[in-house]
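Inside the fold
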Amino acid sequence: TERGHSKSAIMGASALSTFIYVSALTPFDVVKNFSIASFPPRTSLESFRHIISENKVRGLWRGFFPGIVSNATSNMVYYPIYESARPWADKYFGSLGSGVAGVLARAASVAVSSPAERIKTSVQGTGAATIVFNWKAFTGLQATLYRDIMFSGAFFLIMENLYKKLSEQEVVGAR
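Below is a summary of the structure that appears in this document. (Residues numbered from 1 in each chain as written. Predicted model: local features only at pLDDT ≥ 70, side-chain atom pairs only at ≥ 80, totals over all residues. Heavy atoms only, no water.)

Regarding its fold elements, the chain presents five helices and zero strands. Going residue by residue from the N terminus, the α and β elements of the chain occur as α-α-α-α-α. Of the contacts formed within the chain by residues at least 6 apart in sequence, a portion of 68% connects residues at least 24 apart. A total accessible area of about 11000 Å² is found for the chain, and carbon and sulfur atoms account for 68% of it. (Helix = DSSP H or I, 4+ residues; strand = E, 2+ residues; numbered from the N terminus. Contact = heavy atoms within 4.5 Å. Areas by Shrake-Rupley, 256 points an atom, 1.4 Å probe, with all protein chains shown as cover.)

On to the packing of helix H3 (residues 64-93) against helix H4 (residues 97-126). Relative to each other, H3 and H4 sit at 165 degrees, their axes nearing to 6 Å. Comparing their axes, H4 and H3 come out roughly antiparallel. When you trace H3 past H4, the crossing you get is right-handed. Here the residues of the contact of H3 with H4 sort into 18 nonpolar, nine polar and five charged. (Axes fitted to C-alpha atoms, helices over the stretch in contact; angles between N-to-C directions. Parallel < 35°, antiparallel > 145°, perpendicular 65-115°, else oblique. Left-handed = near helix turned anticlockwise from the far one by under 90°. Nonpolar A, V, L, I, M, F, W, Y, C, P; charged D, E, K, R; others polar.)

Here the focus is unusual backbone geometry. Here the bond from phenylalanine 39 into proline 40 is cis, since omega is 0 degrees, no more than 30 degrees from zero. With respect to the helices, strands and loops of the structure, proline 40 is situated in the loop between helix H1 (7-37) and helix H2 (44-55). Phi is positive for lysine 56, close to 65 degrees, though the residue is something other than glycine. The topology assignment puts lysine 56 in the loop between H2 and H3. With a relative accessible area of 54%, lysine 56 lands in the exposed category. (Buried < 20%, exposed > 50% of the residue type's maximum accessible area, 1.4 Å probe, protein only.)

Let us now look at the nonpolar core. Counting residues in hydrophobic clusters, the biggest one holds seven residues: Tyr78, Tyr82, Ala85, Ala89, Ala101, Ala105 and Phe156. Going through the elements one at a time, H3 and H4 are the ones with two or more residues in this core. Top element by residues in this core is H3. It accounts for four residues. If we ignore the near neighbours within four places in the chain, the residues touching tyrosine 78 are Gly102, Ala105, Arg106, Ser109, Ser152 and Phe156. Val30, Val31, Phe34 and Leu60 belong to the second-largest nonpolar core, a separate cluster that totals five residues. (Core = buried A, V, L, I, M, F, W, Y, C linked by side-chain atoms within 4.5 Å.)

Another aspect to go through is the pattern of salt bridges. In total, this model carries seven salt bridges according to the counting rule given. With a shortest N-O distance of 3.7 Å, aspartate 29 and lysine 120 are connected by a salt bridge. Taken together, the positions of aspartate 29 in helix H1 and lysine 120 in helix H4 put the pair 91 residues apart, joining distant regions of the chain. Between glutamate 83 and arginine 86 there is a salt bridge; the shortest N-O distance is 3.3 Å. (Salt bridge = Lys/Arg side-chain N within 4 Å of Asp/Glu carboxyl O.)

Another point: the packing of H1 against H4. Put simply, H1 and H4 touch, their axes get as near as 7 Å, and they point 70 degrees apart. As judged from the angle between their axes, H1 and H4 are roughly perpendicular. Packed against H1, whose contacting residues are Thr26, Asp29, Val30, Asn33, Phe34 and Ala37, the element H4 presents Lys120, Thr121, Gln124, Gly125 and Thr126 at the interface. Of the residues contributing to the contact of H1 with H4, the split by class is three nonpolar, six polar and two charged.

With that settled, the discussion passes to H3. Of all the bends in H3, the greatest reaches close to 35 degrees and is centred on arginine 86; the proline proline 87 follows between one and four positions later. Note on H3: the residue one or two positions beyond its end, glycine 94, has a positive phi of about 60 degrees. (Bend = angle between axes of the 7 residues up to and from the residue.)

Rendered as structure tokens:
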């Protein structure tokens with residue numbers, strides 16, 4: 001790629017970082033999703049205690065496998081599209097190009113990973129999920145697209161433009 005990283009190195013780093021962050025964050029997602037799914041509502045601490053009392057510590061990692069599938073699928077779609085679309089978007093949209101590339105990549109990755117994300121959230125919130133392959137598997141897709149598209153557009157627009165400015169300053173400062 002343009003930055004001198006091989007695609008296999010990017011994919012390997014993405015896979016390993018996905019495993020690490022899903023391992024670390026799944027307990028937080030389980031408590032959050034259980035709190036949201038509970039009736040009557042429970043605080044995070046009440047949810048944590050309930051999950052531990054019912055399922056022991058392993059209950060904090062329920063939904064881990066769908067989380068890996070959801071995040072890995074999202075990353076495997078996102079990064080190749082982003083890196084491929086960014087030069088085109090930069091050419092046609094100038095400094096807004098990285099934001100445009102981020103939006104395109106995020107829309108595709110969310111659409112592809114939505115069924116696995118739905119299963120993960122259901123398992124984490126209720127302890128069970130039915131695997132369905134119909135439109136119900138895409139429940140929440142619209143809200144996720146709104147959130148993730150705004151995030152990716154803004155994040156990559158800001159990050160890439162700051163990266164360019166800071167890289168230019170390093171080159172000027174080195175002279």
